[in-house]
Amino acid sequence: MTNHVDKSRKPSTLAAQALGWLDPSTNAVVPPIHTSTNYARDENYEKVGDRGYTRDENPTYEQVEALLAALEDGSDAMVFSSGMAAATTVMLSLAPGDHVIAPSIMYFGLRNWLVHVGRHWGLEVDFVPPGETAAIAAAVRPGKTKLVWVESPCNPTWDITDIEAAARVAHDAGAMLGVDSTAATPVLSRPLTLGADIVMHSGTKYLNGHGDVLAGVLVTARDDESWARMKYLRFENGGMLGAFEAWLLLRGLRTLYLRVEKSCASTMRIARHFTGHDGVAEVLYPGLPSHTGHAVAARQMHDGFGGMMSIRVKGGAGAALNVAKELKLFARATSLGGVESLVEHRATVEGEDSPFPDDLLRLSIGIEDADDLIADLEQALAATA
Ligand SMILES: *Cc1c(COP(=O)(O)O)cnc(C)c1O
């Protein structure tokens, strides 16, 4: 059997078998971890198999990158030491003076980077309300805007961006569209098939799924000049994933579809259960018809609306923090997309600059029994009322 990608297979099959690749030297079904940092040249001083140094030539990256490209229907993928290393590589592939449009609600760390590093480095950055194509259209400067960045669903309100419409607006202006698809995962939406140019993931979240790896991913629609620039930047900036982490990421991806399907189904049940609950002012989840992004999400996402939701607790910040305190099954921890459920009070984490209401609790729903999670939330709300 040769190691290639059989595109006739469904993505869940490709993921479960990690493409079905066998180790060429041993026929091992699970690949080895190549720990060597360097590769010897032959007698003629030629590289063997194009390998020299581990920073981007370690064979442990190849299977996981090929799988990620296949799952996103892209032409190539790169793994990074973190989601931030992946996202900032896209930003740094631009030139000082280029204009970037990003959503006003987005991953907090990347927003901070754009404000405190990107602008300092010379990027002109405008933030527009998430989920509004008209706001992107009003902000583009044809010829000057080089990147439109969106996150869908976006953290922690789970607003949805119409990726097809955003791609049209970006391309009309001569810009590329980059999508942070961390919360959607390739299971629920495939932005490259909707016109996006680059997809980014924090592999730390759903892709690995077990809270034990920090990793980032970029997948490109085309192997073009701008992708070559990003490859160069990964190599020279050095934000490379370690071989052990690449191996763990591949292992996590084998169960991605099962984990995401389970957590989507539970999240839908929990969101419905707490809609109209006495202790809850609002449930934010794109799977609910009441959510502003529902119509676009129903069209753009398939097999579910994600495992992330937020609730606004009646009684303000004190009540929200008390619910977090009373929860027994949800860990009070940051991050998301793992097998265990987490609760986070974003206003505390983000501090004074946080644009979010202080009665909001973000929930990452894991793969535990949904009835247990509902009962835990019920008892925490009852203890708070
Ligand atoms: C966590 C996260 C990131 C950053 O990823 P790291 O792996 O922590 O560097 C970016 N975007 C989203 C939506 C995230 O949840």
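About the criteria used
Residues numbered from 1 in each chain as written. Predicted model: local features only at pLDDT ≥ 70, side-chain atom pairs only at ≥ 80, totals over all residues. Heavy atoms only, no water. Helix = DSSP H or I, 4+ residues; strand = E, 2+ residues; numbered from the N terminus. Rg over C-alpha atoms; globule rule 2.2 N^0.38 Å. Buried < 20%, exposed > 50% of the residue type's maximum accessible area, 1.4 Å probe, protein only. Areas by Shrake-Rupley, 256 points an atom, 1.4 Å probe, with all protein chains shown as cover. Pairing = 2+ DSSP bridges. Contact = heavy atoms within 4.5 Å. Axes fitted to C-alpha atoms, helices over the stretch in contact; angles between N-to-C directions. Parallel < 35°, antiparallel > 145°, perpendicular 65-115°, else oblique. Left-handed = near helix turned anticlockwise from the far one by under 90°. Nonpolar A, V, L, I, M, F, W, Y, C, P; charged D, E, K, R; others polar. Domains from an automatic or database assignment. Buried area = accessible area lost by both parts, 1.4 Å probe. Salt bridge = Lys/Arg side-chain N within 4 Å of Asp/Glu carboxyl O. Near = heavy atom within 4 Å. Polar contact = N/O pair within 3.5 Å; in protein donor to acceptor, adjacent residues only side chain to side chain.

This part covers the overall build of the protein chain. Helix and strand content of the protein chain: 15 helices and 12 strands. What you see for the protein chain is a C-alpha radius of gyration of 21 Å, in line with the 21 Å of a compact globule of 385 residues. Counting across all 385 residues of the protein chain, residues that qualify as buried make up 56%. When the accessible area of the protein chain is evaluated, it comes to approximately 16200 Å², of which 52% is carbon and sulfur surface.

With that settled, the discussion passes to the sheet that holds strand 8 (residues 280-284). By definition, the strands of a sheet pair up through backbone hydrogen bonds, in either a parallel or an antiparallel sense. The strand order 8-9-12-11-10 describes an open sheet built from five strands, whose pairing is mixed. Looking along the sheet, the strands with just one partner apiece sit at the ends: strand 8 and strand 10 (331-332). Sheet topology places strand 11 (residues 342-344) next to strand 12 (residues 360-364); three bridges connect them, and they run antiparallel. Across the sheet, the residue bridging to Leu342 is Ser364, located in strand 12. Against the sheet, helix 13 (residues 316-326) engages strand 9 (308-313), strand 10, strand 11 and strand 12, with an angle of about 130° to strand 9.

Moving on, we get to the packing of helix 3 (residues 60-71) against helix 10 (residues 243-253). Direction vectors running N to C along helix 3 and helix 10 enclose 40°, while the axes themselves pass 9 Å from each other. Taken together, helix 3 and helix 10 sit at an angle that is classed as oblique. In this structure, the crossing between helix 3 and helix 10 has a hand that is left-handed. Contacts from Thr60, Tyr61, Gln63, Val64, Leu67, Leu68 and Leu71 in helix 3 reach Ala243, Ala246, Trp247, Leu249, Leu250 and Leu253 in helix 10. Tallied by class, the residues present in the contact of helix 3 with helix 10 amount to 11 nonpolar, two polar and no charged.

Moving on to the domain arrangement of the protein chain. By the assigned domains, the protein chain splits into domain 1 (11-253) and domain 2 (257-384). On a C-alpha basis, the centroid separation for the pair domain 1 and domain 2 is 27 Å. The three residues of domain 1 that bury the most area against domain 2 are Trp158, Leu188 and Tyr206, which together make up 27% of that side's buried surface. Linking domain 1 with domain 2 are one salt bridge, by the criterion used here. Only helix 1 (11-16), helix 7 (163-172), helix 8 (185-188) and helix 10 provide two or more residues apiece to the side of domain 1 that touches domain 2.

Here we have seven strands laid out as an open sheet, ordered 1-7-6-5-4-2-3, and mixed in their pairing. With one partner strand each, in any of the chains shown, strand 1 (76-80) and strand 3 (124-128) form the two edges of the open sheet. Taking each pair of neighbouring strands and ignoring which way they run, the sheet shows an average axis angle of 20°. Taken together, the three bridges between strand 5 (residues 176-180) and strand 6 (residues 198-202) define a ladder with parallel strand orientation.

Right, let's talk about the site of the ligand for a bit. Taken together, the neighbourhood of the ligand is formed by 14 residues, with Met84, Asp180, Ser202, Thr204 and Lys205 sitting nearest. In the model, an oxygen atom of the ligand is placed 2.8 Å from a nitrogen or oxygen of the Met84 main chain. Contact distances for the ligand include 2.7 Å between a nitrogen atom and a side-chain N or O atom of Asp180. Contact with the protein chains hides 93% of the accessible area of the ligand, taken as 380 Å² for the molecule alone. When residues of the shell around the ligand are traced back to their parent elements, those giving at least two are helix 4 (83-92) and strand 6. The residue makeup of the shell around the ligand, split by class, is six nonpolar, five polar and three charged.

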